[in-house]
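# Residue-level structure breakdown
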Amino acid sequence: MKNFMITAFLIILALVFYLGDQYGFGEKASLPVDHEQEGLNEQIVLNFSHVVAENTPKGLTAAKFAELVEEKTDGAIKVEIYPNSMLYSDGEELNALQNGDVQMIAPSFSKVTDWIPEWQVLDLPYLFQTNEDIQAVFTGPTKDRLLRMLDKHNVKGLAFWNNGFKQFTTATDSVIKPQDLEGLTLRTMPSDMLVRQLNLVGAETKEASFDQVYTLLEDGQFDGQENTLSNIYSKGFYQVQKQMTITNHGILGYAVMINGEFWDSLPKNLQTAITDAMEEATAWNLKQSEAMNRQALKKMEDMPGFHIRTLSETEQLEWREAFEPLYNYYESHYGKKLLREIEQTVKE
Ligand code: LMR
């Protein structure tokens with residue numbers, strides 16, 4: 001009887017392993033296929049993974065892009081979007097793209113600075129004053145120069161999308177001066193410039209991927225973080241923070257990229273359709289993102305227990321001065337050329 005039980009147990013165990021291998025249990029979710037669609041075999045599926053909510057500048061622009069691609073290719077390409085780190089968290093998505101496990105991603109440029117340290121220029125506080133400044137740089141010749149730097153990583157850069165200006169949220173009562181961040185532990189994205197920015201005003205920093213931020217704030221492992229209004233609202237950070245200071249100190253933008261081999265495998269007419277769709281979607285993004293952030297702010301203004309403080313011009317000047325040494329740091333490590341080019345573009 002005992003032998004029978006052991007044999008039965010081993011057979012069941014072997015069956016579980018066999019089925020697991022066949023159906024990929026324990027692996028990342030396999031990508032769904034719509035088996036009812038016409039011409040399935042000829043259709044090219046382009047999987048686009050990102051980490052934010054659907055009702056954000058990146059989420060909505062990705063949806064617009066998908067619609068435009070399908071329209072412009074007469075359905076020859078289907079863009080499947082996976083939001084909210086469903087497929088890959090932001091620590092995983094660059095490798096997934098490089099390996100061709102996913103065809104498109106749009107990480108914030110800060111998260112690409114490990115590959116391209118020069119991109120830290122975009123993280124310099126107060127480099128951009130208005131939405132028009134961002135638009136000018138994200139559509140001008142500097143954009144092309146920056147995106148070409150991706151070529152050597154088996155990735156083709158298609159565009160820069162904007163989210164908006166970043167603000168600080170904290171679990172403390174009131175952050176008005178830069179020194180009010182002293183001693184707090186703040187979450188950062190993986191960018192040396194962002195870490196330096198916070199260390200400069202006496203804050204401790206810890207890196208964390210976007211999908212973990214809410215829980216880490218809730219658990220009190222972080223006292224605060226910096227992000228755009230639409231991200232703070234759509235991820236509910238206001239529920240686990242006491243206040244937000246409207247500093248507009250930096251910007252959050254995205255490098256939209258496609259796997260190099262996938263791109264090269266596409267016929268010319270489909271490449272053109274993707275480029276056209278991207279141009280249209282980007283123009284829409286650069287126009288709409290400001291309004292989306294304004295709407296998010298309006299919604300948070302009514303949240304009980306969440307205090308919003310907007311800096312006066314004099315108060316903002318103190319933050320600018322506090323962050324000024326970062327410009328010298330950037331120039332001495334990465335040269336003046338890119339920085340001057342951007343400063344010139346935003347001045348025009
Ligand atoms: C963050 O990690 O805070 C942002 O980069 C998330 C995003 O993609 O907007």
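The structure under discussion appears in the preceding block.
A brief report on the enclosed structure follows.

Cut-offs used in this document
Residues numbered from 1 in each chain as written. Predicted model: local features only at pLDDT ≥ 70, side-chain atom pairs only at ≥ 80, totals over all residues. Heavy atoms only, no water. Helix = DSSP H or I, 4+ residues; strand = E, 2+ residues; numbered from the N terminus. Buried < 20%, exposed > 50% of the residue type's maximum accessible area, 1.4 Å probe, protein only. Contact = heavy atoms within 4.5 Å. Areas by Shrake-Rupley, 256 points an atom, 1.4 Å probe, with all protein chains shown as cover. Near = heavy atom within 4 Å. Polar contact = N/O pair within 3.5 Å; in protein donor to acceptor, adjacent residues only side chain to side chain. 1 Å grid on protein atoms, 1.4 Å probe; cavity = no way out; pocket = protein on both sides within 12 Å on 5 of 7 lines; lining within 4 Å. Sits in = over half its atoms within 2 Å of the grid points. Nonpolar A, V, L, I, M, F, W, Y, C, P; charged D, E, K, R; others polar. Points joined across faces, edges and corners; volume = space filled by probe spheres on them. Salt bridge = Lys/Arg side-chain N within 4 Å of Asp/Glu carboxyl O.

## Looking at the overall build of the protein
Counting its secondary structure elements, the protein contains 13 helices and nine strands. Relative to its 348 residues, the protein shows a buried fraction of 51%. A separation threshold of at least 6 residues defines the contact pool for the protein, and within that pool the share at least 24 residues apart is 76%. Surface summary for the protein: the accessible area is close to 16,800 Å², and the carbon and sulfur share equals 50%.

## With respect to the site of the ligand
As a structural note, the neighbourhood of the ligand is formed by 13 residues, with Lys58, Lys111, Arg187, Asn227 and Tyr254 the closest of them. Interatomic distance of 2.8 Å between a side-chain N/O atom of asparagine 227 and an oxygen atom of the ligand. When atoms are counted within 2 Å of each cavity's grid points, the one that captures over half of the ligand is the largest cavity. Counted by class, the shell around the ligand contains six nonpolar, three polar and four charged residues.

## What about empty space enclosed by the protein?
Within the structure shown, the criterion is met by one cavity of 30 Å³ or more. Quantified by volume, the largest cavity comes out at close to 70 Å³. Val51, Val52, Lys58, Ser108, Lys111, Arg187, Met189, Phe210, Asn227, Asn231, Leu252 and Tyr254 together form the lining of the largest cavity. For the lining of the largest cavity, the class distribution of residues is six nonpolar, three polar and three charged.

## With respect to the pattern of salt bridges
Opposite charge on two side chains permits them to pair, given that their charged atoms come into close proximity. Going through the model one piece at a time under the given rule, you end up with 13 salt bridges. Between arginine 145 and glutamate 341 there is a salt bridge, with its nearest N and O atoms 3.0 Å apart. Note that arginine 145 is positioned in helix H5 (residues 141–148) and glutamate 341 in helix H13 (residues 337–347), a separation of 196 residues in sequence. Judged by its relative accessible area of 23%, glutamate 341 falls in the partly exposed class. We note a salt bridge from glutamate 343 to arginine 340, for which the minimum N-O separation is 3.0 Å. Highlighted residues: glutamate 343 and arginine 340, both in helix H13, separated by three residues, approximately one helical turn.

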